[in-house]
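A closer look at the structure
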Amino acid sequence: MKTRLLTLPIFFLCFCAVASAQVPMSVQFQIVKAEDARRYDAVLQKLLHSPNAAIRKRAALAAGRIGREEAIPTLVGLLEKDPNTDVRTMAAFALGETESIKAADAILPNKGVMSSSTLARLVEAAGKIAAANPKDERSKQLGAAMLNVLNAELGKQSTPDTEVVRLGLTAVLRSRPAGAEETVRKFLSFTDPNIVGDALNTLARLRAKNANRDARDLLNTSPNAVVRANAARVLAAAEAKESADDLIKAITGDTDVRVRVSAIRALGNLNIPESSAVLLLRGETLFNGYKRSKFAQPIEKNELLEVITSLGRILAGSADERALKLIRDFRDADPRHSPETEIAFARIAPSQYVTTFSDVPDWQALSAQYQGLAEIARLDDKAAQAKSRARLILVQEIATRFNSAPINDQTLRSRPDLVQAFAAFKSENTSGIFRPLLDDKDVFVRATIAGVLADQPTSNENAEALRNALTFALKNDKKYDDATLATIDALAKVVGRNSVSAISLGLYSPDYLIRKKAFDVLAQFPGWDDTPPTKQGLDNWLTVQLYNPKTGTKLGQVLNTDADYRRALSRRNRSVRAIVTTEKGRFTIDLLPEDAPLTVDNFIKLARSNYFNGLEVHRVVPNFVMQDGDPRGDGNGGPGWSIRCEINMVPYERGAVGMALSGKDTGGSQWFVTHSPQPHLDGGYTVFGRVNETGMRVVDNIVRGDKILSIKIVEGALPLRSPRKP
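This report concerns the structure included in the present document. (Residues numbered from 1 in each chain as written. Predicted model: local features only at pLDDT ≥ 70, side-chain atom pairs only at ≥ 80, totals over all residues. Heavy atoms only, no water.)

Observations regarding the overall build of the protein chain
When you go through the protein chain residue by residue, the secondary structure sums to 34 helices and 8 strands. Relative to its length of 726 residues, the protein chain is compact, with a C-alpha radius of gyration of 27 Å against a globular reference of 27 Å. The dimensions of the protein chain, computed from C-alpha atoms along their principal axes, are 80 × 65 × 50 Å. A buried classification covers 57% of the 726 residues belonging to the protein chain. The average position of the 97 basic charges and that of the 84 acidic charges among the side chains of the protein chain differ by 4 Å. (Helix = DSSP H or I, 4+ residues; strand = E, 2+ residues; numbered from the N terminus. Rg over C-alpha atoms; globule rule 2.2 N^0.38 Å. Buried < 20%, exposed > 50% of the residue type's maximum accessible area, 1.4 Å probe, protein only. Lys, Arg positive; Asp, Glu negative; His and termini not counted. Charge placed at Lys NZ, Arg CZ, Asp CG, Glu CD.)

Observations regarding the side chain of Lys301
Mapped onto the elements, Lys301 comes out in helix α18 (residues 301–314). In this structure Lys301 comes out as buried when scored by relative accessible area, which is 3%. A polar side-chain atom of Lys301 sits 3.0 Å from a polar atom in the side chain of Gln297. Ignoring any residue separated from it by four or fewer positions in sequence, one finds Lys301 in contact with Tyr290, Phe330, Asp334, Ser338, Val703 and Arg704. (Polar contact = N/O pair within 3.5 Å; in protein donor to acceptor, adjacent residues only side chain to side chain. Contact = heavy atoms within 4.5 Å.)

Side note on unusual backbone geometry
Here Asp334 and Pro335 are connected by a cis peptide whose omega angle stands at -10°. Take Pro335: it is sitting in the loop between α19 (321–333) and α20 (339–348). In this structure, Arg207 takes a positive phi of about 55° despite not being glycine. Inspection of the secondary structure assignment puts Arg207 in the loop between α12 (193–206) and α13 (212–221). The backbone phi angle of Asn610 is positive, close to 65°, even though this residue is not glycine.

Regarding the packing of helix α8 (residues 116–132) against helix α9 (residues 137–154)
Following both chains from N to C, one finds α8 and α9 inclined at 145°, their axes separated by 9 Å at the closest point. The element α8 and its partner α9 pack so that their crossing is left-handed. For the pair α8 and α9, the contacting residues are Leu119, Val123, Ala126, Gly127, Ile129 and Ala130 in the first and Ser139, Leu142, Met146 and Val149 in the second. Of the residues contributing to the contact of α8 with α9, the split by class is 8 nonpolar, 2 polar and no charged. (Axes fitted to C-alpha atoms, helices over the stretch in contact; angles between N-to-C directions. Left-handed = near helix turned anticlockwise from the far one by under 90°. Nonpolar A, V, L, I, M, F, W, Y, C, P; charged D, E, K, R; others polar.)

Things to note about the pattern of salt bridges
Taken as a whole and judged by the stated rule, the model has 51 salt bridges. Its salt-bridge partner being Lys102, residue Glu69 comes within 2.9 Å of it at the nearest N-O pair. Of this pair, Glu69 sits in the loop between α4 (53–66) and α5 (72–81) while Lys102 sits in the loop between α6 (85–98) and α7 (104–107), and the two are 33 residues apart along the sequence. Exposure remark for Lys102: the relative accessible area of 58% places this residue in the exposed category. Glu375 serves as the salt-bridge partner of Arg378, at 3.2 Å between the closest nitrogen and oxygen. By sharing partners, the salt bridges in this structure join Asp564, Arg567, Arg571, Asp601, Lys605, Arg608 and Glu715 into a single network. (Salt bridge = Lys/Arg side-chain N within 4 Å of Asp/Glu carboxyl O.)

Structural notes on the packing of aromatic side chains
A full pass over the atoms with the stated rule returns 18 aromatic pairs. For the pair Tyr611 and Phe612, a centre-to-centre distance of 5.4 Å together with 85° between the ring planes defines the contact as edge-to-face. With respect to burial, Tyr611 and Phe612 carry one shared label: buried. A centroid spacing of 6.4 Å and a plane angle of 90° characterise the contact between Phe612 and Trp671, whose relative ring orientation is edge-to-face. Remark: Trp671 occurs in strand β6 (residues 671–674) and Phe612 occurs in the loop between α33 (597–608) and β3 (619–621); sequence separation between them is 59 residues. The class of Trp671 is buried, set by a relative accessible area of 0%. In this structure an aromatic cluster arises from ring pairing among Phe603, Tyr611, Phe612, Trp671 and Phe688. Directly above the ring of Phe29 sits Arg566, whose terminal nitrogen or CZ lies 4.7 Å from the centroid. The residue whose ring lies beneath Lys584 is Phe295, and the NZ or CZ to ring-centre distance is 5.1 Å. (Phe/Tyr/Trp six-rings, centres within 6.5 Å; stacked < 30°, edge-to-face > 60°. Lys NZ or Arg CZ within 6 Å of the ring centre and 35° of its normal.)

Description of the nonpolar core
Nonpolar side chains in soluble globular proteins tend to be buried together. Counting residues in each nonpolar core, the largest one holds 128 residues, and the members touching the most others are Leu247, Leu373 and Ile376. When residues of this core are assigned to their parent elements, the largest contribution, 9 residues, is made by helix α26 (residues 443–454). In contact with Leu247, other than residues within four places in its own chain, are Leu219, Ala232, Leu235, Ala263, Ala266, Leu267 and Leu270. Residues Ala59, Met90, Ala125 and Ala171 belong to the second largest nonpolar core, which totals 51 residues. (Core = buried A, V, L, I, M, F, W, Y, C linked by side-chain atoms within 4.5 Å.)

Details of the pairing of strand β5 (residues 656–659)
Along a regular strand, successive side chains alternate from one face of the sheet to the other. Every second residue of β5 is oriented toward a common face, with Ala656 and Gly658 on one face and Val657 and Met659 on the other, all of them buried. As defined by bridge partners, β5 adjoins strand β7 (residues 687–691) across 3 bridges and the pair is classed as antiparallel. Counterpart to Gly658 in the pairing with β7 is Val687. (Pairing = 2+ DSSP bridges.)

Points about the sheet that holds β6
With respect to topology, 8 strands assemble into an open sheet ordered β3-β4-β6-β5-β7-β2-β1-β8, the strand pairing being antiparallel. Edge positions in the sheet fall to β3 and β8 (708–717), since each of these pairs with one other strand and no more. Taking the axes of each pair of neighbouring strands and ignoring which way they run, one obtains an average angle of 25° across the sheet.

Points about helix α14 (residues 225–237)
The end-to-end C-alpha distance of α14, which contains 13 residues, comes to 19 Å, matching closely the 18 Å that a straight helix rising 1.5 Å per residue would cover. When you tally the buried positions in α14, you get 12 out of 13 residues, the bulk of the element. Burial in α14 covers these residues: Ala225, Val226, Val227, Arg228, Ala229, Asn230, Ala231, Ala232, Val234, Leu235, Ala236 and Ala237. Of the surrounding elements, those touching the buried residues of α14 are α12, α13, α15 (244–253) and α16 (257–270). (Expected span 1.5 Å × (residues − 1).)

Here we look at the side chain of Thr411
Here Thr411 is to be found in the loop between α23 (384–404) and α24 (415–423). Judged by its relative accessible area of 2%, Thr411 falls in the buried class. Here Arg401 takes part through its side chain, which lies 3.2 Å from a polar atom of the side chain of Thr411. The contacts of Thr411, once residues within four sequence positions are left out, are Val360, Pro361, Asp362, Trp363, Leu366 and Arg401.

Considering the environment of Lys33
As for its position among the elements, Lys33 is in helix α2 (residues 25–37). Here Lys33 falls in the partly exposed class, since its relative accessible area comes to 27%. In this structure the C-alpha to C-alpha distance between Lys33 and Leu373, which are 340 residues apart in sequence, comes to 49 Å. The contacts of Lys33, once residues within four sequence positions are left out, are Arg39, Asp562 and Tyr565.

By themselves, these figures tell us nothing about what the structure is for.
Written as structure tokens, this is what we have:
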């Protein structure tokens, strides 16, 4: 009886402490509206000076998300003087999100005594800012400061701080300071598998060659699958041919598919001809399982594609019959839907490959074949005859797909890959062929052509065609802005300062992303505007405007109403789950409305409208991500609007659910789940959910082409936890 009487008041006090730490709904409402509009104004400035620490912390996050440089002095003030540790830590995180070199002096992590959490976020911020400003001298200072912090952790008599080390390793990964490899290698001796895995990840991305022996030992002995997988990646990046036997052992004996695919990739990168026999045997075993599978998209497909890709590298030009039989058999079973198969075939036997091209009424098969033909363009002169044949096929395909195909022909979706394939041959008439196509109705065709013309020799004809293409895109593109953005970039590259008048048209688009792109590009040309813009002018260009139906588009505008904001924020103390049913089983996403309320709300609205039902998983990269949410199926599609990023401190561990982007604030409907920790994504992509380990067993089995059958949203009050005894 006494225990219960003592427990309840303690539980009540704890509950009150949590409740009081939350930002009041009315203030959250103001902040979220400002974030959605990318508006840094007097209201937010006032909240940054609130007497309530929770409000200052949340306002600091908003200032970082918005990213305007005007916020830097206030954020620096919070970092240096705020009495609350959480506020100082968030200010450090927010300064990193601005990516402005103007914050460099403030975030150099060497300013006296601070909490470990603040230090960790300062190191993280240093990495982001240095990576965004690689040519600035202060970035070198930031890099040196990062290494100083990591070396200090190595030299501690006490246990090093895990958060400081892990964020420091990721900062080094981003900014690549001189001499980083040796400092990072020393963390491989730690017992914490998270630190070791992150250190290996950093070494792999730095392409370091100083940790081969350590990586081999870890591949063979570590009980942690992420450590073993990342060790294989280090060996691949270091081109450590002496590790071939260790990699073969992992391919044939490791029970975790993430380790096997990393070892398969590594063996392919080492390019040792003798290793092909092991890969062929593994591929044949997988294909036998593939044929017996009960699934329309067999689980073996992911690993089998990795084997075929590596065989394409190792056996290039060999015309190896055993490899070609495996590729042909899988190619027929697939059927021809996998670019990996086409590219490998083209590399191993280019002369045979060009004779197999098939004009099929299937855009995915056509796209994959175009990518195979593009690979032939990259081969050496020994493939001259195959190159000539491949180029002729592509010329004929251009005539068919652009001139005679009916507009509703679904094969037209393959045309961006057709454009890229022909461009890979670097023909003299590339510009002449593609310039007239810059008024095509397909926005992604025009976006691809603009990118191709940007790489062609400068000419007046290309410049004029791109100017006209920009005018056309600004007037006609209502659902996707890809062509407009790509054409602005192409004009800046091809025409330079003389493109100012054309690019300036983008400043008056209703789409915030186009205005921001135009402003950023024009800023490369000092004095582009005779009259420097006023603050009001900058706000017009860099703030997201309210949706206006008269514009005919929902792109880059504030679509949320006050009711939408209130609904999104009302979920912050609720359990919100998405039950995802796939052809491979069911998994649950625990959504995070506290960390990303508008992203969660957007996902829920799409799910409840059955938007995701029946969509194919268009991207799977084993040991990286599974990605879905594209109604086109080619990685380009979306709902016809964009949402703002809600970057937060939730890390990309295994099972993290994030929004796919093509640049900041370009999210819409595409989302992904990480197979393993991906720290380089932290602070760059919105995390809005998590999948637990039970659900990840389903996610691990999903392959490209599997379908999402349905997503059901379940909301309810957070379950009450039993009070703990004192």
